[in-house]
Structure formats: C-alpha cells, structure tokens
Amino acid sequence: MKLQHVIQSQQFSVPNLMELFGRTRQMEKIVQRGGTRDYDGKIMATLFYRPSTRTRFSFESAMYRLGGRVLSTESAKAFSSAIEGEQLEDTIRIIADYCDVIVLRHNEEGGAKRAAAVSPIPIINAGDGAGGQHPTQALLDLYTIYNECNTLDGLSVALIGALDTGRTVRSLAYLLSKFDRVKLYFLAPPELQISQDIISHLQERDVWFHLASDPDEVLAHVDVVYQTRIDRERLQSKDVSMSNYDINPAMLRKMKSDAIIMHPLPRSVEIDPAVDRDARAAYFRQSRNGLFVRMALLTMLFEAE
Amino acid sequence: MKLQHVIQSQQFSVPNLMELFGRTRQMEKIVQRGGTRDYDGKIMATLFYRPSTRTRFSFESAMYRLGGRVLSTESAKAFSSAIEGEQLEDTIRIIADYCDVIVLRHNEEGGAKRAAAVSPIPIINAGDGAGGQHPTQALLDLYTIYNECNTLDGLSVALIGALDTGRTVRSLAYLLSKFDRVKLYFLAPPELQISQDIISHLQERDVWFHLASDPDEVLAHVDVVYQTRIDRERLQSKDVSMSNYDINPAMLRKMKSDAIIMHPLPRSVEIDPAVDRDARAAYFRQSRNGLFVRMALLTMLFEAE
Amino acid sequence: MKLQHVIQSQQFSVPNLMELFGRTRQMEKIVQRGGTRDYDGKIMATLFYRPSTRTRFSFESAMYRLGGRVLSTESAKAFSSAIEGEQLEDTIRIIADYCDVIVLRHNEEGGAKRAAAVSPIPIINAGDGAGGQHPTQALLDLYTIYNECNTLDGLSVALIGALDTGRTVRSLAYLLSKFDRVKLYFLAPPELQISQDIISHLQERDVWFHLASDPDEVLAHVDVVYQTRIDRERLQSKDVSMSNYDINPAMLRKMKSDAIIMHPLPRSVEIDPAVDRDARAAYFRQSRNGLFVRMALLTMLFEAE
C-alpha cells in the first residue's frame, strides 16, 4: 500500500489493515531489540493545537525508536497568537519545510484534511475536534483485538459507555464492520445509545448487532469488552448514572475466561484498579500497541515518498 | 569571518554577508541530500521567553539537519516564575553549561546583548522586544532577494505596510543601504511612513529613496515588493485603512513580470491567497530560506569556537 | 551499587555516595571530550507537573551528552486535563512503555514514591511537592563540597536562610551528618531556625551543631557558606528582614580565604553580583556539577537494568 497521509480510519481497506498489522508486529520485535537507526536524519513535527501528553509521547517515542528526531509543541494554540490568527494552510506549508512528517492535533473538525490538501509531506491526524477523527487510536484498538484474539473474524464485541458521542467506539464499530461474522453489542443507557448513522451503516452491511442496557444480557457472550471514558459533567446534566456499567471484580466473574477488557485510557472510576491484576485486563497492552502501530505507519509513509 | 554571537543585523559587513550567503547555498544542497551528521554531539538551547512556534521550529530544524540536538522551551516566561524573578544574566550563565549555543527570544529590548555580555557560548538573537532586533529574519530576507534576483546591486525595492513601527522593514532597509545603486520605495499612508532615523541614515549614505502613499506610483518600477503584517488593532485606533495596499490579482497585473513578492509571514488579509499560484509569490521560498540561513550561521558559530 | 530508582537522598549510603562521586568525576571528563554515544537508543521522559526550565534542561542535557533522546513536557499539569484527572499510577504505567527512564517533578509530596511503586523502568525524583524531596539537588550540593574541599570529613558548614522550610538545607544537613567530625552552623533569625526533627536527628548521630542568628558568630569559622533562596512574601507576612544575611563584599571579608560560597540558584538579592568575581563563589560551578551528577545517576540506572 502507498500511504500518503493518515487522515481517517475509513481510508484503510481490509488488505491495508492486514499489511499494517503485519508490519506492527515487526515493530514490536524491533523495539525489543532496542530500536533501529534506519530513519536517522528524518524529522517529525508534533503540532498539537490541543495538548495531549500521552498521545504526543507515543508518536515521539515511535519516531525515536526508528532513529528519527522530533520538533515538538506542547500546546501550539495557547502559545502562538500568530499561529492562531493565521490560516492553518499557511502554517502547514511553512512547517513542512522544517520536517519530513507532521503529526497534527487540531481543534477543528476537518483540520487534518485541510492540512493534507496543501502539504507536500505526509500528515498524520492525531485528533481533529470533538466530532472529528483520531485514526491511530482506532487502528491501535483494532490491532489489539487482532493481536489478543489472533483473528478479527467471528468475534463478539461489547462496546460500553456514552455511545452517542463516543468517537473511539464509533470508529471501532465502523472498522469491525469490515470483518466477517462480527457481532456487536452496544451496551448503554437508552438515552446514550449508539446513533442512527452507525446503525444504518451496520444494517446496510448486514452486520449482526444488539442494543442492550443490562450488562447481564451481554457480558457472558463476548470476546471483547470495550469500556470507554465517562464524562461526569455530561452525565450529571442528563441525570444519568452509569455506575452499574463499571468494570469491577463482580463484573469480571460474568465474563468469559478468555475475554479481554479494553479502554482507551485514561480511565476514571469506570474500571476498578482491582481489575488490573486479571490477565483479561488488556488496556495497558493496548496503550503499548499504540507505539508499534505508530512506528508502522511512519515507516509506511516514509517508504511511499 | 569569526562569528562569536548573532545579535543585530548591523554587525554584518558586505563581505560577511557574501560569505554567509555562499554558505547558505551549500546548506540548501546539504538538506537536499538529507542533512549531515557533522555536528552530532552539539546541543542548541532555544530559550524563548515569548513563544513563536515557526521561528523556534526553523532553528531547531536547522540544528537537526546539522546532526545536533535541542533543548527546547515553548514559553519560558509563562512557565518559570523562578526564571522570571531571576536575572537574565544568571539564567544564561547556568544554561550555557548545558549546551553549545543559545537561541534567545527575550521580551525586553537589548536582552540578547545583555546575554552575550556574560555568555561563554554563542548567543543568537531570535527577537528581543517590540523595538528590538531579529537579525536572522533580516538576513533571510536579504538572502531571498539575493537568491531570487541573483544580485543585490541596482535593485528597486518597495517596502509596504505600517513602516513607522515595522521591525523587519527597518532592518531590511538598513541592510539594503549597504549595496550599490539600490532604490527604496516606502509605500504607506502618510501617518505610518518610515521614521526619520532611517531617512537620515539613507541620506547620509546617499541612497536613493522615495516616500509614496499610492501603489500605482510604485508597483511598475520595482524588482521586489516587500509586504508586511497588518496590526488591525493599531490601525483601528489610528482610524487608518490599508486595504488598498493589499496584494491581490489586480495588484499583480501592475507589477513587473519578473518582480518577486515577499512577506515575513504569517499573513492575514494583506496578501490574497489567490496570489500564491503566481510564480512571483516568493514568501514561502523566503520562509524556507530561513532554515538554510540559520544552518549557515550555526556552522559559522561552531567553527569560530 | 544496583540503583533502581532515585527517590530520596536518604537512600544513599556513604559507599554509594563515594561510588556516585567517582563516576561523576568521569562524567566531567566525558563532557570535556564532547560527550559519548554509549546510550544512543535510550529514551528519557521528563514529566514535569510543575515547570522548572533549569532542572529540566540539566537532566535533558545529561541525557544528550550520553547520546540518548528526550521526551519532554514543559508543564504537564497545565496542559493535560486528562492527566490531571487520571491517577499518577496509570500515567506512569503508560509512559513507561515509551521510554527507558522517567524524570518526574510532581506537585504532591510522595508522588515519586508512588510512581516508583508501579513503574517497570527507573524513576528519578526531580522534586515532589513543597515538603517533598529533590534528591539530585542534594547530591550535587554534596558533590560540590566534596569536589571543592577534596573531602567531606571534618568540614565546618554554615547553612543560611529560612531554615524551617528550606528543602535543600534540610536534605544537605541530613547527608552531611553521615560524615565524620562535621560541624553544622544553622544561621537564621530565631523564628526561621531549623526544625526540631533535624536537631533530633543530629543529636542521635552525635553531630556537632550550633544555632546562631548573628553572621559574625559564624562566618570566620566555616569552610562552606550555603546561602539559600529568599521567599519575600513569606518574610513580609512574618515581618522578618533577612538583609543582614545577604552575602556581599563586606561579608566576604569575614570569611576564610579558602571557604566556598554555595547557593542552589536562582538567586535574588541574597547574594550580591559583586561576589561573583571572588574565587570563593562556587555557585555556578555547583550548578554545572548538576549535569555531571545527573549523567552519573543515569548511567548507574541503565547499568542496573
């Protein structure tokens, strides 16, 4: 696959995903051997209009493990009235002269696409606005399921949380719908259920799905439990409690013995730290996979040049 | 030339400038070949009391393309009450032990000179206060004219904008005055015209110049159109409009076919994006030249050690 | 010594300190030769919840002089509501996958210990809260005395300032108490004298000490004058002046000709810049030693892996 930019998860076909995941496994081995110097001389810029230390470090570490260098902004927007006033397109054209790839976290939906339209070098979207995309998160989520379950076909996956607005869950549902015999359980209070556009998409593709609000209907049947972040303020404003969806030792006893528990992190109360000791807790391995997926994407972008 | 610090554009004689520009051209070739590792082991600190992502990235990329490493502050002043309370001189003496060159953007006029007075390692002034200097901008502006026009003698240059306060325009007028048969057109509303100190300087050196407020008097005659940033708040407070100085396709038709258009960027409305497609639009090439000029300066500072 | 984490100065025995200081001297030579590439491929993360440009640069320069790379935060707390809401333990577990050592400046006392309890990679405490520890400062202070006086036994040391809250002075008093025939003079206004827990510790270990409020009682007798930072707001709220403790040329005349003057920097009025020219002024050499001590600690942590 010739990879020019990484803008949205939908751009990856199933063969593309398999190529990416094969390469991701190689990256894990390269890191175990202490990284490579193959991309010495390459420069990556992390242009973050909204700060995110974990995502930024994951990209920067990926570049370092490949032997490259990093130009970094912790919070471009807070710190540059100039950049704020200027057009994103101009900023990208200028910064593209200083580096070989730009990782962009922009504050407006569609920012990454606008950047890619003018950039002579690859753009990686690291999140663009609340309603936007964060494709490397979706890819590392999918890779984690693939790596933990050794397949993506025939899996039953429960997606839990405020599903109506959850970006990670929406992207993951979309990606999983590309695989055979996948079963999706959407587990949420009725007022926070997955939105109609995803349901329509699944119906069009003939994907099995089930909407549930009771964990007991779901947990015993699934291979993957994907829990998501709670936005307390929003829940309070809607007068909804989600405490009966929290993953705790009692919930663990209801799951399959070989199921895995995922979460995009950081977590709040929605996963009890007592769960961490259980082998099914895959969320730290999931986070670690972000490093390998990002390394794999960088190598594909550099090779396509 | 033995270069110890880069504090103000006036420190460069014509032979110094020619040596710098020769080296700058070499740097462009080095970057095309993927950079060098010659300065592996060297450390540059970017100590920015006022944030400027583009200027900082340009310096840091220059250091990386030379093989060096970077200690970076995005906004030293916002983040260190300690540094704010302490004397700049002490900060410089301390940080000089951690690196091989300091790029300083200070918030007070004369900050770079004070730093150089106590520093055992080279200081590069990346801007010191509103009324201060930003010599690498002036040098990259001059280099761009040299590189685009293949000479600096006998050129006609229009400088446009709020010329009374414009730092870049003042520095460039000063540098251009060193070359033979240069003609300078200062194009601005009367209340924002170039200040008397520059006029006196040009008269002393017998440099041809003309003050104009009508673009039609100027545009057909010049080889270089140097447009500058608009400070809307200041214009509003003075009740002046500068919209008839904006560069747009209609203005383009009045210019020579081999003229170039420059701007220090970022721009606002003062250059219409429709102009970007015209071959005469040199402002992105100008920005890119900043990388090569800064690389050339760094190598000269390291060699003089 | 197998060094797993650097959390508090008390963890170092006298033989450990001597091993560290021997290695620190080697690091000074390595820096003079332009650094090493031995730790190429290693990544250090500086996770600073509270900004400190000087401390961060000192660690990052140490890592660069060893050939390594750096993931950097200027102000993690200001910039990541996510990280603020999440447990420190989760953050550490996540970031540990991106690097080989974490330098943590946390805003809560005990933060570094909590981090070390869950971290699979070494943690270096770069300060944890007002009442917490900053062990690398204490180690570089002790190394400076050792390096300047060629011994740590039999020295007379004056500690000056608001001693009741001074973290650096408390840690240094603790470390000095491990050496033979040390004499400690605590010089402060009575209301700011050293607290009872340190006095009890010294009494238990049979260390000679003297509490004084008059500089004339102390200055002629000591080998080391350790001056500390003044917190003006606190002094004003307590209605105490410390101006008669300021080190100035008049005070210099009262000191031994081979005494040294130390200060953790940055300073305010408590050391007159006129003192800088005196050979006894050791505070800039002390700051520089921080680089070598931190390099030595990093190599010990990497070797213990």
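From a predicted model like this one, the values you see are computed outputs, not experimental measurements.

When helices and strands are counted, chain A shows 12 helices and nine strands. Relative to its length of 305 residues, chain A is compact, with a C-alpha radius of gyration of 19 Å against a globular reference of 19 Å. Seen through its C-alpha atoms, chain A measures out along the principal axes to roughly 55 × 45 × 40 Å. When burial is assessed residue by residue, chain A has 63% of its 305 residues classed as buried. Pairs at least 24 apart in sequence give 72% of the contacts found in chain A among residues at least 6 apart. A total of about 11,200 Å² of accessible surface is found on chain A, and carbon and sulfur atoms cover 44% of it. One finds the centroid of the 36 positive side-chain charges in chain A at a distance of 4 Å from the centroid of its 39 negative side-chain charges.

To continue, consider the packing of aromatic side chains. Residues and elements named next belong to chain A. Scanning the model with the defined rule gives 21 aromatic pairs over all chains in all. Ring-pair connections join several aromatic residues into one group, and the members of that group are Phe-21, Tyr-143 and Tyr-146. Over the face of the ring belonging to Phe-59 we find Arg-294, whose NZ or CZ atom lies 4.7 Å from the ring centre.

A word on the side chain of Glu-60 of chain B. Among the structural elements, Glu-60 of chain B can be located in helix H2 (residues 53-65). One polar contact links Glu-60 of chain B to Thr-46 of chain B, side chain to side chain, over a distance of 2.8 Å.

The next subject is the domain arrangement of chain A. Residues and elements named next belong to chain A. According to the domain assignment, chain A consists of domain 1 (9-134 + 289-303) and domain 2 (135-286). Domain 1 and domain 2 are separated by 26 Å when their C-alpha centres are compared. At the interface, 28 residues of domain 1 touch 25 residues of domain 2. Taking both partners together, domain 1 and domain 2 bury about 2,300 Å²; carbon and sulfur atoms supply 60% of that area. When the buried surface of domain 1 facing domain 2 is broken down by residue, Phe-21, His-134 and Asn-289 rank first, second and third, together holding 30% of it. Where domain 1 touches domain 2, the interface holds zero salt bridges. Seen at the junction of domain 1 and domain 2, the total is 12 residue pairs in polar contact (both at pLDDT 80 or more). Counting residues per element, the ones that place at least two in the side of domain 1 that touches domain 2 are helix H1 (14-32), helix H2 (53-65), strand E4 (123-128) and helix H12 (283-303).

What the rule picks out here adds up to 54 salt bridges over all chains. When the shortest N-O distance is used, the salt bridge between Arg-114 of chain C and Glu-89 of chain C registers 3.0 Å. Of this pair, Arg-114 of chain C sits in helix H6 (residues 111-118) while Glu-89 of chain C is found in helix H5 (residues 88-95), placing the two residues 25 residues apart along the sequence. For Glu-89 of chain C, a relative accessible area of 17% corresponds to the buried category. Linking Arg-114 of chain C and Glu-108 of chain C is a salt bridge whose minimum nitrogen-to-oxygen distance equals 3.3 Å. Judged by its relative accessible area of 28%, Arg-114 of chain C is partly exposed. Connected via shared salt-bridge partners are Asp-90 and Arg-93 of chain A together with Arg-267 and Asp-276 of chain B.

In this model, helix H12 (residues 283-303) of chain C (21 residues) spans 31 Å end to end at C-alpha, consistent with the 30 Å of a helix rising 1.5 Å per residue. Across the 21 residues of H12 of chain C, 18 count as buried, placing the element largely inside the fold.

Now for the relation of the copies chain B and chain C. Laying chain B over chain C is done by rotating through 120° and shifting 0.0 Å along the axis; what remains is an RMSD of 0.0 Å. What we have between these two chains is a three-fold relation. Considering only C-alpha atoms, the residue of chain B closest to the rotation axis is Glu-74 of chain B, which sits at 4.3 Å. When the interface residues of chain B are mapped onto chain C, a mere 11% of them again fall at the interface, so the copies present different faces.

This brings us to the interface of chain C and chain A. Between chain C and chain A, the contact holds 27 residues from the first and 26 residues from the second. For the pair chain C and chain A, the interface holds five salt bridges. In this structure, Asp-100 of chain C engages Arg-65 of chain A in a salt bridge whose closest nitrogen and oxygen atoms are separated by 3.2 Å. Elements that contribute at least two residues to the side of chain C that touches chain A include exactly strand E1 (43-48), strand E2 (69-72), helix H3 (76-79), helix H4 (81-85) and H5 of chain C. Taken together, the residues of the side of chain C that touches chain A sort by class into 13 nonpolar, six polar and eight charged.

Of the residues lining the interface, 27 residues belong to chain B; the matching set on chain C comes to 26 residues. Of the roughly 2,400 Å² buried where chain B meets chain C, counting both sides, 56% is carbon and sulfur surface. In this assembly, chain B and chain C are joined by five salt bridges. In this structure, the salt-bridge partner of Arg-37 of chain C is Asp-40 of chain B, at a minimum N-O distance of 3.7 Å. At the junction of chain B with chain C, the criterion picks out 11 residue pairs in polar contact (both at pLDDT 80 or more).

A cis amide bond links Leu-265 of chain A with the next residue in sequence, Pro-266 of chain A, at an omega value of 0°. Inspection of the secondary structure puts Pro-266 of chain A in the loop between strand E9 (260-262) and H12. Here the phi dihedral of Asp-206 of chain C falls at roughly 60°; this positive angle occurs in a residue that is not glycine. Within the element layout of this structure, Asp-206 of chain C appears in the loop between helix H9 (196-204) and strand E7 (208-212).

Take the sheet that holds strand E1 (residues 43-48) of chain B next. Adjacent strands of a sheet form backbone hydrogen bonds with each other and so pair up, either parallel or antiparallel. All names here are of chain B. If you walk across this open sheet you meet the four strands as E2-E1-E3-E4, and the pairing is parallel. A single partner strand is all that each edge strand has here, and the edge strands are strand E2 (69-72) and strand E4 (123-128). Along the sheet, successive strands turn relative to each other by an average axial angle of 15°, direction set aside. Two strands pair when backbone bridges link them, and E1 and strand E3 (residues 101-106) are joined in this way by five bridges, in the parallel orientation.

Residues and elements named next belong to chain A. Among the secondary structure elements, Phe-209 is positioned in strand E7 (residues 208-212). Counting along the chain gives 142 residues from Phe-209 to Gly-67, while the straight-line C-alpha distance between them is 44 Å. Every residue in contact with Phe-209, bar those within four places of it in the chain, is listed here: Leu-184, Phe-186, Ile-199, Leu-202 and Gln-203.

What follows is about helix H9 (residues 196-204) of chain B. Residue and element names in this part refer to chain B. Looking at H9, one finds that the buried residues are Ile-198, Ile-199, His-201 and Leu-202. Looking straight down H9, one finds its buried side chains confined to an arc of 160°; they lie on one side. Where H9 is buried, its residues touch helix H8 (167-176), strand E6 (183-187) and strand E7 (208-212). The positive-phi residue at the C-terminal boundary of H9 is Asp-206, with phi of around 60°.

Let's shift gears to the sheet that holds E6 of chain B. All names here are of chain B. Pairing is parallel in the open sheet, where five strands are placed in the order E7-E6-E5-E8-E9. Of all strands in the sheet, those bounded by a partner on one side alone are E7 and strand E9 (260-262). Neighbour to neighbour, the strand axes of the sheet diverge by 15° on average, direction disregarded. Both E6 and E7 contribute to a ladder of five bridges, which runs parallel. Each residue of the ladder has a partner; that of Leu-187, found in E7, is Ala-212.

What follows covers the pairing of E4 of chain B. Residue and element names in this part refer to chain B. For E4, the tally of buried residues reaches six of six residues, placing the bulk of the element in the interior. Relative to E4, E3 runs parallel, the two sharing four bridges. Bridging from a neighbouring strand, Val-103 pairs with Ile-124 of E4. Where the polypeptide runs from E3 across helix H6 (residues 111-118) and back to E4, its parallel neighbour, the crossover connection is right-handed.

So, how was this worked out
- Residues numbered from 1 in each chain as written.
- Chains lettered and ligands numbered in written order.
- Predicted model: local features only at pLDDT ≥ 70, side-chain atom pairs only at ≥ 80, totals over all residues.
- Heavy atoms only, no water.
- Helix = DSSP H or I, 4+ residues; strand = E, 2+ residues; numbered from the N terminus.
- Rg over C-alpha atoms; globule rule 2.2 N^0.38 Å.
- Buried < 20%, exposed > 50% of the residue type's maximum accessible area, 1.4 Å probe, protein only.
- Contact = heavy atoms within 4.5 Å.
- Areas by Shrake-Rupley, 256 points an atom, 1.4 Å probe, with all protein chains shown as cover.
- Lys, Arg positive; Asp, Glu negative; His and termini not counted.
- Charge placed at Lys NZ, Arg CZ, Asp CG, Glu CD.
- Phe/Tyr/Trp six-rings, centres within 6.5 Å; stacked < 30°, edge-to-face > 60°.
- Lys NZ or Arg CZ within 6 Å of the ring centre and 35° of its normal.
- Polar contact = N/O pair within 3.5 Å; in protein donor to acceptor, adjacent residues only side chain to side chain.
- Domains from an automatic or database assignment.
- Buried area = accessible area lost by both parts, 1.4 Å probe.
- Salt bridge = Lys/Arg side-chain N within 4 Å of Asp/Glu carboxyl O.
- Expected span 1.5 Å × (residues − 1).
- Least-squares fit on C-alpha atoms with pLDDT ≥ 70 in both.
- Nonpolar A, V, L, I, M, F, W, Y, C, P; charged D, E, K, R; others polar.
- Pairing = 2+ DSSP bridges.
- Axes fitted to C-alpha atoms, helices over the stretch in contact; angles between N-to-C directions.
- Arc of directions from axis to C-beta.
- Right-handed = clockwise from strand over helix to strand, strands pointing away.

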